[in-house]
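# Understanding the architecture of this molecule
What follows is the residue order along each chain.
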Amino acid sequence: MVKVVGVRFKKAGKVYYFDPGELDISKGDCVIVETARGVEFGDVVIGPKEVCEGDLVSSLKSVIRIATEEDRAKLEENKVKEKSAFDVCVQQIEKHNLPMKLIDVEYTFDNNKVIFYFTAEGRVDFRELVRDLASVFHTRIELRQIGVRDEAKMIGGLGSCGRPLCCATFLGDFDPVSIRMAKDQNLSLNPAKISGICSRLMCCLRFESTCYDSGDEGKGWSQPVDDIGVDEMDKCSKCESCCKEQVFEEHELLEIIKSGTEGEEDEDSED
């Protein structure tokens, strides 16, 4: 058995395990650790516990020290630098006329590297941009392209339920989400109702699906074919007699949308 502590570097980021050594560390403490990116400042979210050595993916790195007031002051200083770096990078992007959108900037705790997160529709040749940024900040520069889910996680916002986004508050990672989960929960298949602000299937479909598991996997789920994307309350009172039932097997979301659109066009032509 190995003694470990769980450390998180961002509010809703992944949890990484470190060896506390002889330090008296408790949950809620702030610590300084060494990672692949360099020296980092993190929060202890899992107190000391023992795990099997075989459960560890890689060798443990030790906690350097418990964070001091000087470390906290440096962390706040880095946040001020990040805001300034964001403005500088936006100006450089406009200067080079690059088709990219800057999302966030992050300084490593030891200021050894500055990471710029951006989104773009395709590949972007930012070699000239990196040279200009390196001449301004005099440190290592990393430009990292992210997807729409990571963008929503960084920016945050409110979901259709009126609550803060799950990915920005407590989800540490993005698990695969499928349309099957929406079917099992008897939800509308209307993309506008089951998609988040990132235009992808809502993450809550995943972590709430276990509450709906009935153990009848593979038997499919039946719903009137003419009511694709329509809630049960919107159906007519004689739905059983005027609509056929079809067992939905595993379909892609786009195929379901397409079939619903074709049905609407047929109805318009009959009118």
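Whatever comes next refers back to the structure up there.
The structure contained in this document is the topic of the report that follows. In this text the structure is predicted, and so the values were computed from the model without any measurement.

Cut-offs applied
- Residues numbered from 1 in each chain as written.
- Predicted model: local features only at pLDDT ≥ 70, side-chain atom pairs only at ≥ 80, totals over all residues.
- Heavy atoms only, no water.
- Helix = DSSP H or I, 4+ residues; strand = E, 2+ residues; numbered from the N terminus.
- Buried < 20%, exposed > 50% of the residue type's maximum accessible area, 1.4 Å probe, protein only.
- Contact = heavy atoms within 4.5 Å.
- Pairing = 2+ DSSP bridges.
- Axes fitted to C-alpha atoms, helices over the stretch in contact; angles between N-to-C directions.
- Phe/Tyr/Trp six-rings, centres within 6.5 Å; stacked < 30°, edge-to-face > 60°.
- Disulfide = S-S within 2.5 Å.
- Core = buried A, V, L, I, M, F, W, Y, C linked by side-chain atoms within 4.5 Å.
- Salt bridge = Lys/Arg side-chain N within 4 Å of Asp/Glu carboxyl O.

### Quick look at unusual backbone geometry
One non-glycine residue, N111, adopts positive backbone phi at about 60 degrees. Take N111: it is sitting in the loop between β6 (101–107) and β7 (113–119). With a relative accessible area of 21%, N111 lands in the partly exposed category. Phi at H138 is positive, roughly 55 degrees, even though this residue is not glycine. If you trace the backbone, H138 turns up in the loop between α2 (127–137) and β8 (140–145).

### Quick notes on the environment of C167
With respect to the helices and strands, the residue C167 is situated in helix α4 (residues 166–169). A residue is classified by how much of its surface remains accessible, and C167, at 8% relative accessible area, is buried. Sequence separation between C167 and R149 is 18 residues, and the spatial gap between their C-alpha atoms is 8.3 Å. When near neighbours in sequence (up to four residues on either side) are disregarded, C167 contacts A12, A152, K153 and F174.

### Focus: the sheet that holds β7
With respect to topology, three strands assemble into an open sheet ordered β6-β7-β8, the strand pairing being mixed. Of all strands in the sheet, those bounded by a partner on one side alone are β6 and β8. In this sheet, neighbouring strand axes are inclined to one another by 20 degrees on average, regardless of whether the strands run parallel or antiparallel. The pairing of β6 with β7 spans six bridges and is classified as antiparallel. Each bridged residue has a counterpart across the sheet, and for L102 the counterpart in β7 is F118. The sheet strands contacting α2 are β6, β7 and β8, and the helix crosses β8 at an angle near 140 degrees.

### Brief notes about the packing of aromatic side chains
Counting across every chain of the model gives five aromatic pairs. A centroid spacing of 5.9 Å and a plane angle of 35 degrees characterise the contact between F41 and F109, whose relative ring orientation is tilted. Of this pair, F41 sits in strand β4 (residues 38–51) while F109 sits in the loop between β6 and β7, and the two are 68 residues apart along the sequence. On the accessibility criterion, F109 (5% relative accessible area) is buried. Seen in terms of ring centroids, F118 and F126 are 5.8 Å apart; in terms of plane orientation they differ by 80 degrees. Their pairing is edge-to-face. Its relative accessible area of 1% is what places F118 among the buried residues.

### What about the state of the cysteines?
What the rule picks out here adds up to zero disulfides. C167 forms no disulfide, and the closest cysteine sulfur to it belongs to C203, at a distance of 5.6 Å. As a non-bridged cysteine, C204 has C166 as the owner of its nearest cysteine sulfur, 5.7 Å distant.

### Some points on the nonpolar core
By size, the foremost hydrophobic cluster in this structure holds 17 residues, and its most contacted members are M100, F116, L133 and L143. Broken down by secondary-structure element, the contributors of at least two residues to this core are α1 (69–96), β6, β7, α2 and β8. In contact with F116, other than residues within four places in its own chain, are A85, C89, L102, D104, V105, L133, F137, I141, E142, L143 and R144. A182, M202, C204 and L205 belong to the second largest nonpolar core, which has 10 residues in total.

### Observations regarding the sheet that holds β4
Strand pairing in a sheet is mediated by backbone hydrogen bonds. Such pairs are either parallel or antiparallel. Strand order in this open sheet of five strands is β2-β1-β4-β3-β5, and the pairing throughout is antiparallel. Among the strands making up the open sheet, the edge pair consists of β2 (15–18) and β5 (63–66). The average angle at which neighbouring strand axes cross in this sheet is 45 degrees, direction not considered. Pairing geometry for strand β1 (residues 2–8) and β4, over six bridges, is antiparallel. Residue pairing for β4: V2 is matched across the bridge by V51.

### Points about the pattern of salt bridges
This structure, assessed with the given rule, holds 11 salt bridges. For K81, the salt bridge goes to E77, with nearest N and O atoms at 3.8 Å. A residue pair is termed a helical-turn pair when its members lie 3 or 4 positions apart in one helix, as K81 and E77 do in helix α1 at four residues. Its relative accessible area of 29% is what places K81 among the partly exposed residues. For K113, the salt bridge goes to E142, with nearest N and O atoms at 3.1 Å. Of this pair, K113 sits in strand β7 while E142 sits in strand β8; the two residues are 29 residues apart in sequence, bridging distant segments of the chain. Residues participating in the shared-partner salt-bridge network are K10, R37, E40 and E106.

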